[in-house]
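Structure at a glance
Chain by chain, the residues:
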Amino acid sequence: MPKPAALLPLLLVCLQSVGQAQSPADEDWFELNIRPILAGTCLNCHAEDGEAGLRADSREALIEGGQSGPAIVPGEPDKSLLIRAILHTGEPKMPPDERLDDESITAFVAWVKAGAPWPDHEPPLGAETASPLAHWAFQPVERIAPPADTSGWSDHPIDRFIMAALADQDLAPLRPADKRTLIRRATFDLIGLPPTRDEVAAFLADESPAAFDQVVERLLASPHYGERWGRHWMDVVRYADTAGDNADYPVPEARLYRDYIIDSFNADKPYDQFVQEQLAGDILAGSTPDGEGPPESYAERVVATGFVALSRRYATAPFELWHLSIEDTIETTGRAFLGLTLRCARCHDHKFDPVTIDDYYALYGFFASTQYPYAGSEELMSKGFPRSHFVPLTAPEQARPAIESHQAAVRALEDQIAQLEKQEPVDRPKVDALKAELRILRRPGLPAGVSGAYAVTEGQPHDVPLQVRGEPRDAGPVVPRGVPGFLSKGEKLEIPSGASGRLQLARWLTRPDHPLTARVMVNRVWQHHFGKGIVATPSNFGVRGAPPTHPELLDWLAAAFVDGGWHVKDLHRLIMSSKTYQLGGGDDEAAAARDPDNRLYWRYDRRRLEAEAIRDAMLAAAGNLDLARPGEHPFPPIESWSWTQHSPFKAVYESNHRGVYLMTQRIQRHPFLALFDGPDTNYSTDVRTQATVPLQALYMMNNPFVTRQAEGFARRLLAESADAAGRIDLACQTAWGRPARPAEIERGLQYIDQYAAELARQGTAADQIEPAAWTSYARILLTSNEFVYLD
Amino acid sequence: MAKCTAFDRRDFLKHATCLTAACGGLYPSLALAAQAYEGHPLAPKRAHFEPKARQMIFIFLTGGFSHVDTFDPKPKLAADHGKVVPAESLREVTREPLLASPFQFGRHGQSGLPISELFPHLAGVADELCVIRTLHTDILEHFQATLAMHTGSSTVPMPSIGCWLSYGLGTFNANLPSYMVLAEHLPYAGAQVWDNNFLPPYHQGVRLVPGNRPIQDLASPALSVTLADLEQIMLRDVNELHARARAGDLSLPARMDSFDVARGMMREAPEIFDLSRETASTLESYGLAGGDSTSFAWQCLIARRLSERGVRVLELIDTGSHDNWDAHGDMQQHRAKAARVDKAIAALLVDLKRRGLLDQTLVAICTEFGRTPWSDNGKGRNHWANAFTCLLAGAGVKGGIAYGQTDDYGANIAADPVHVHDYHATILHLLGIDHKQLTYRYAGRDFRLTDVAGRVVHEILT
């Protein structure tokens, strides 16, 4: 390739772009356009005791100016020496060596014209390097006792934090939700499915104070819990069943990592262990001298590193544009575990967070020292690269015999071909046949009988040179492997010789005193219970992320999480037992006026179900949902693969299993998931959008999938009740988790009659009328707002 | 929570259609749209400055058409045919000999614009065309180059130019998506080329698949319109009862609204695809035979009809990721590809002009990259990113000119380079948008279509 990296600086509009709503008077204007130049250029000479007596580290200093007079006259660029200097029209010329680009000059002019506004809460620029370090999320988790319960509302620790903030604003929580609302909320929250009629009835009948706790325990013990919460994690780790190269080769083994995630949540695996396994499971499994794992965990831990292996592939050749795949690993690691966006630092020091370009290449070294698998790409056909570096699920000594005999078979065939090709004349048909045989033999990557995972192993350990401006061909100084300096406070990781250092990275991440890891995870759990995080940007806890609405609660939860052994299920118990979680979702004009976004939790926010939950709930209502875990995706056999960028892999597999098990591609989004705001499979997703677009309505009204579920639902109604009013009640209970009201029964009966009469008028066969009318009614319920919204 | 307020799109539609019929003109009625659904994410928005064009038709020719065989004649290439000039190719330095174009060039129109024999009909509208000969892009692989021409990014998926325009400008017709893509086959990079990515999903391109069912899920499963209407009324009743107890939550009426819009699409769309009222001479001018719904001519005619109905951005993709302009084997493969689009594009330009729409519509004709001046496999050409040709026509663009200069062989740019970012910046400019101001904050950063680059090519503007 001529210019593989000429595409850089890769869209990282960290700096130069100017927000649509921005004006030079906005803080962002200063932060994006002015501050970087003052700090990066001017301050080199014009700091304390600056050249020509000028300091450029505060507005006051610029107005006061130096030996030549004021540097700026706010509002009057024409009279501002600084502007004249940067225009390079006379003397002095600043910066002296090279004129700034036009865009920057324009930004300065606009800024001075707007009065040179300087965010007043900022310390002078000279102290600027210290300020991001003081950012709340980089400080140790504070151990805070919940405030006293002075209102008598609740002595639950969470409620005490919430109540204190509400009282501060003269707000009061609404009434608690009714029991039907609560069980529907809890059931969707924990297992992503609606409660059954029996479950609702049992909860209503149970008047003991522990009734709701028991519901929570039942749901936490359900195998469907992991399917729900595993899916949340799959969003974060940009899970997909294909590699993302131009031909988007399938990765049948990816599902093992998906199942690992689900099983880990079901087992309530401590989160620190979960993190360590995903980054360094291969090492923990015992595949290296540093390893220590029990044999029964071997496969599981190897599979866990699918987190690293699933990094997005680019282009057509094996490991092409590899620096971008590693960028994906680093970015996803940063977002998932640290709540930091690190990829800005690929080309330059992060503009807002104290992440430097050295930090980026220090992390890069861990993954450059790691062997990733190769799932195939079109080069497989043209140049004969087989799938490779899939990791056996058994320890090396067990897998070795089969692998060695397979390699021997490959070599024998290669030798045979070489021999034949030396003879004159070459027996072309025979050589071609053997070559085809060889290709098929090599293609799966591992011999038949040896199961493998799309996982990583230790590669050649080495430190990497910094890539100047993110350009792989422009090597800078070598950066030793390590973790971001501002978080490690200069402490170095002890990486054993011969190791990539991933294990040390993982252990550093999960140190009990790490300021970010626990905070980020408890915030995610909170987010999926309330529809929003305490930090509204769950994968960005950096300087530009949203500040926490309840910083003390966040810290208290993080501390409790770590102290209790990193158990996610304990977090659910804690959160769901609070009155805050059990609040009703009503309206209160006064409260809505003061806190329209309900940042303080005076009520519970209504929210739309996610794509998978909508789909699963429809299948469930119809009696069509297959709750078993499916096996492999029905990909064509590996031997037949020949996708190219001209004819990429593209498939949608119908399934009645839960949505979490749908085959999802990177290049080709799954049509249903794409339509209903499913995650981006190319990038770590922290918050799904909730759009309402007409194409969703078209799908709801007209798609055959919905029709099938409506038909199934109608069949159930017809089978389960002989009388129409009873059916309507049954329908409401199944779809909405509540009985029909008298007016609804009346309107429903009227509708069925009207619809049936119209069918009859059109000459519909008599035996078709009843199923058709009830199918229509069933579709209305399945597509109604009450079905897709959770109170 | 949806931020949109309720508004009656049905009334708007009634207005729009009545007025269109009454005035014969389109824009007076479309202007009403701005008032009719103010506040909606797709409501027409004011541009940054007075636009030259109000709508765009983006014609994407898949596979990379050869500039030296179409719009950028190179006599020296013919003279030096067979000579070897080393240069970088896909992954190694090539020693392939130069290949003269097998096609004749002629000068056309009053402007005398050179166009090869591949495009006899476009030659007939030469004075409308602005040929930009100095496009260049970053990567010469199909997937990446296709992505770049649509999103400005050749690696990480980003929102498409159509989505950015929808986000920046909204659209005129509430019953139709703001950005529609007519593509029988998927191009390289698939649906990523019209994906909204991080922009709100309202702005996602909606693909129409030429053939019997251009829009998915458009046909009701109900046995009659009456039954579908009954069902819709009942659904609204059910939802209203639900919403009444939940006043103050605008997401609920917004979702109810979306069903009305969908019904609007179901009503309006069939008429769009019903070509029975087009005159025989119109059909003939496009080269459209009766019953045909998969030719590029059909795509062009439908594009005009959608344009008339106020869709902000239309994209036409001529072929898919196979059997396209990717002529590695023989340049003669270009003949069939050109024949597929030549007459239809010319007819579209003429038709738009005749209806007074070309003054308000920008037509962009572009591709992935160019092709090497030297041969590939003897008679074909390989991918080439250092210099290639794209076109603009219509509102705000100088017609009958060729901008920029490549070297004697068309291998590199001699003067006036136009990067893909510059092409995009120019398109946005024509639609009244400053490409540096159209940003969206995502993951803590402001993103824009043109990344940190982009220059408006003022020299080609009227």
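Residues numbered from 1 in each chain as written. Chains lettered and ligands numbered in written order. Predicted model: local features only at pLDDT ≥ 70, side-chain atom pairs only at ≥ 80, totals over all residues.

**Digging into the overall build of chain A**
In plain terms, the rule: Helix and strand labels come from DSSP, where a helix needs a run of H or I of at least four residues and a strand needs a run of E of at least two; each type is numbered from the N terminus. Each residue is classified by how many other C-beta atoms fall within 10 Å of its C-beta atom, where C-beta atoms are placed from the backbone; a count of 20 or more means buried, 12 or fewer means exposed, and values in between mean partly exposed. Contact between two residues is assigned when their C-beta atoms, built from the backbone, lie within 7 Å.
Helix and strand counts for chain A come out as 32 helices and eight strands. C-alpha atoms of chain A, sized along the principal axes, occupy 95 × 95 × 55 Å. A burial count over chain A gives 48% of its 791 residues as buried. The long-range fraction of contacts in chain A, counting pairs at least 24 apart against all pairs at least 6 apart in sequence, stands at 67%.

**Observations regarding the overall build of chain B**
What chain B contains, in helices and strands, is twelve helices and 19 strands. Within the span of chain B, comprising 462 residues, buried residues form 60% of the whole. Considering only residue pairs separated by 6 or more positions, chain B has 74% of its internal contacts joining residues 24 or more positions apart.

**A look at helix H4 (residues 102-113) of chain A**
Residue and element names in this part refer to chain A. Definition in use: A helix is expected to span 1.5 Å for every residue after the first. Regarding the arc, it is the one traced by the directions from the helix axis to the C-beta atoms.
The end-to-end C-alpha distance of H4, which contains twelve residues, comes to 16 Å, matching closely the 16 Å that a straight helix rising 1.5 Å per residue would cover. Regarding H4, the residues found buried are Ala107, Phe108, Trp111 and Val112. Relative to the axis of H4, the buried residues are bounded by an arc of 130° and lie together on one face. Gly115 lies just past H4 and shows a positive phi near 100°.

**Some words on the nonpolar core**
How we decide: Under the definition applied here, buried Ala, Val, Leu, Ile, Met, Phe, Trp, Tyr and Cys residues are grouped into a nonpolar core through C-beta atoms within 7 Å.
Grouped together as the largest cluster of nonpolar side chains are 312 residues, with contacts concentrated most on Cys300 and Leu362 of chain B. Ignoring any residue separated from it by four or fewer positions in sequence, one finds Cys300 of chain B in contact with Tyr286, Leu316, Ala344, Ile345, Ala347 and Leu348 of chain B. Counting 21 residues, the second largest nonpolar core, distinct from the first, contains Phe30, Trp111, Val112 and Ala116 of chain A.

**Overview of the pairing of strand S12 (residues 380-384) of chain B**
Residue and element names in this part refer to chain B. Put simply, the rule reads: For two strands to pair, DSSP has to find at least two bridges joining them.
For S12, the buried fraction is high: five of the five residues fall into the buried class. Note: strand S11 (residues 370-376) against S12, four bridges, orientation antiparallel. Within S12, the position partnered with Gly370 by the bridge is Trp384. Taking the residues between adjacent antiparallel strands as the criterion, S11 and S12 are bridged by three residues, where Asn377 takes a positive phi near 55°.

**Describing the interface of chain A and chain B**
Spelled out, the test is: Three residue categories are used. Nonpolar comprises Ala, Val, Leu, Ile, Met, Phe, Trp, Tyr, Cys and Pro, charged comprises Asp, Glu, Lys and Arg, and polar comprises the others, including Gly.
Across the contact, 66 residues belong to chain A and 71 residues belong to chain B. When residues of the side of chain A that touches chain B are traced back to their parent elements, those giving at least two are helix H27 (694-702), helix H30 (742-761), helix H31 (766-783) and helix H32 (785-788) of chain A. Considering only residue class, the side of chain A that touches chain B consists of 29 nonpolar, 28 polar and nine charged.

**Description of the environment of Arg313 of chain A**
Residue and element names in this part refer to chain A. On the secondary structure map, Arg313 appears in the loop between helix H13 (306-309) and helix H14 (322-338). Here the alpha-carbon distance between Arg313 and Trp508, two residues 195 residues apart in the chain, equals 27 Å. Not counting residues within four places of it along the chain, the set of residues in contact with Arg313 comprises Ala243, Gly244, Asp245 and Ser325.

**Points about the confidence of the model for chain B**
Under the convention used in this document: The quantity known as pLDDT measures the predictor's confidence residue by residue, on a range of 0 to 100.
Taken over all residues, the pLDDT of chain B has a mean of 88, while the share at 70 or more is 90%. We note a pTM of 0.81 for the whole complex and an ipTM of 0.82 for its interfaces.

**Comments concerning the confidence of the model for chain A**
Predicted coordinates in regions of low pLDDT should not be interpreted in detail. Residue and element names in this part refer to chain A. On average, residues of chain A score 90 in pLDDT, and 94% of them reach the 70 mark or higher. Every residue in residues 1-21 is under pLDDT 50, and counting partners more than four places away or in other chains gives 60 contacts. For the stretch residues 123-130, pLDDT sits under 50, and the model shows 13 contacts to residues farther than four places along the chain or on other chains.

**Overview of the packing of helix H9 (residues 223-236) of chain A against helix H10 (residues 254-266) of chain A**
Residue and element names in this part refer to chain A. In plain terms, the rule: The axes are straight lines fitted to the C-alpha atoms, using for helices just the contacting stretch, and the angles between their N-to-C directions are given from 0 to 180°. If an angle is under 35 degrees, it is roughly parallel; if it is over 145, roughly antiparallel; if it lies from 65 to 115, roughly perpendicular; otherwise it is oblique. Handedness of a crossing follows from how the near helix is turned relative to the far one, being left-handed for an anticlockwise turn of less than a right angle and right-handed for a clockwise one.
At a minimum axis separation of 7 Å, H9 and H10 run at an interaxial angle of 120°. For the element pair H9 / H10, the angle class is oblique. Viewed along their axes, H9 and H10 form a crossing whose handedness is right-handed. Residues Pro223, Tyr225, Gly226, Glu227, Trp229, Gly230, Trp233 and Met234 of H9 lie in contact with H10, whose contacting residues are Arg258, Ile261, Ile262, Asp263, Phe265 and Asn266.

**Looking at helix H21 (residues 517-530) of chain A**
Its 14 residues give H21 of chain A an end-to-end C-alpha distance of 20 Å, which sits within 8% of 20 Å, the value for a rise of 1.5 Å per residue. Inspection of H21 of chain A places Thr517, Ala518, Arg519, Val520, Met521, Val522, Asn523, Arg524, Val525, Trp526 and His529 of chain A among the buried residues, and these make up the whole buried set.

**With respect to the environment of Ile317 of chain B**
Note on placement: Ile317 of chain B falls in strand S9 (residues 313-317). Those residues in contact with Ile317 of chain B that sit more than four places away from it in its chain are Phe60, Thr62, Val181, Ala183 and Pro187 of chain B.

**Observations concerning unusual backbone geometry**
Residues and elements named next belong to chain A. In this structure, Pro95 follows Met94 across a cis peptide bond, with omega equal to -15°. Structurally, Pro95 is set in the loop between helix H3 (81-87) and H4. Looking along the chain, the bond that leaves Glu424 and enters Pro425 is cis, with omega of -10°. Topologically, Pro425 is positioned in the loop between helix H17 (396-422) and helix H18 (428-442). Even without a glycine there, the phi angle at Trp566 is positive, about 60°. Residue classification places Trp566 among the buried positions, given that 22 C-beta atoms sit within 10 Å. Located in the positive-phi region is Asn598, a residue other than glycine, with phi close to 55°. Along the chain, the position of Asn598 falls in the loop between helix H24 (589-594) and strand S7 (607-608). In this structure Asn598 comes out as buried when scored by C-beta crowding, with 20 C-beta atoms within 10 Å.

**Some thoughts on the packing of helix H6 (residues 179-191) of chain A against helix H7 (residues 197-205) of chain A**
A pair of packed helices is captured by two measures, namely the crossing angle of their axes and the spacing between those axes. Residues and elements named next belong to chain A. The interhelical angle for the contact between H6 and H7, taken along N-to-C directions, is 130°, at an axis separation of 10 Å. By the angle between their directions, the pair H6 and H7 is classed as oblique. Seen from above, H6 lies across H7 with right-handed handedness. Residues Lys179, Arg180 and Ile183 of H6 form the contact with H7, whose own contacting residues are Glu199, Val200, Phe203 and Leu204.

**Focus on the environment of Leu363 of chain A**
By secondary structure assignment, the location of Leu363 of chain A is in helix H15 (residues 357-368). On the neighbour-count criterion, Leu363 of chain A (26 C-beta atoms within 10 Å) is buried.

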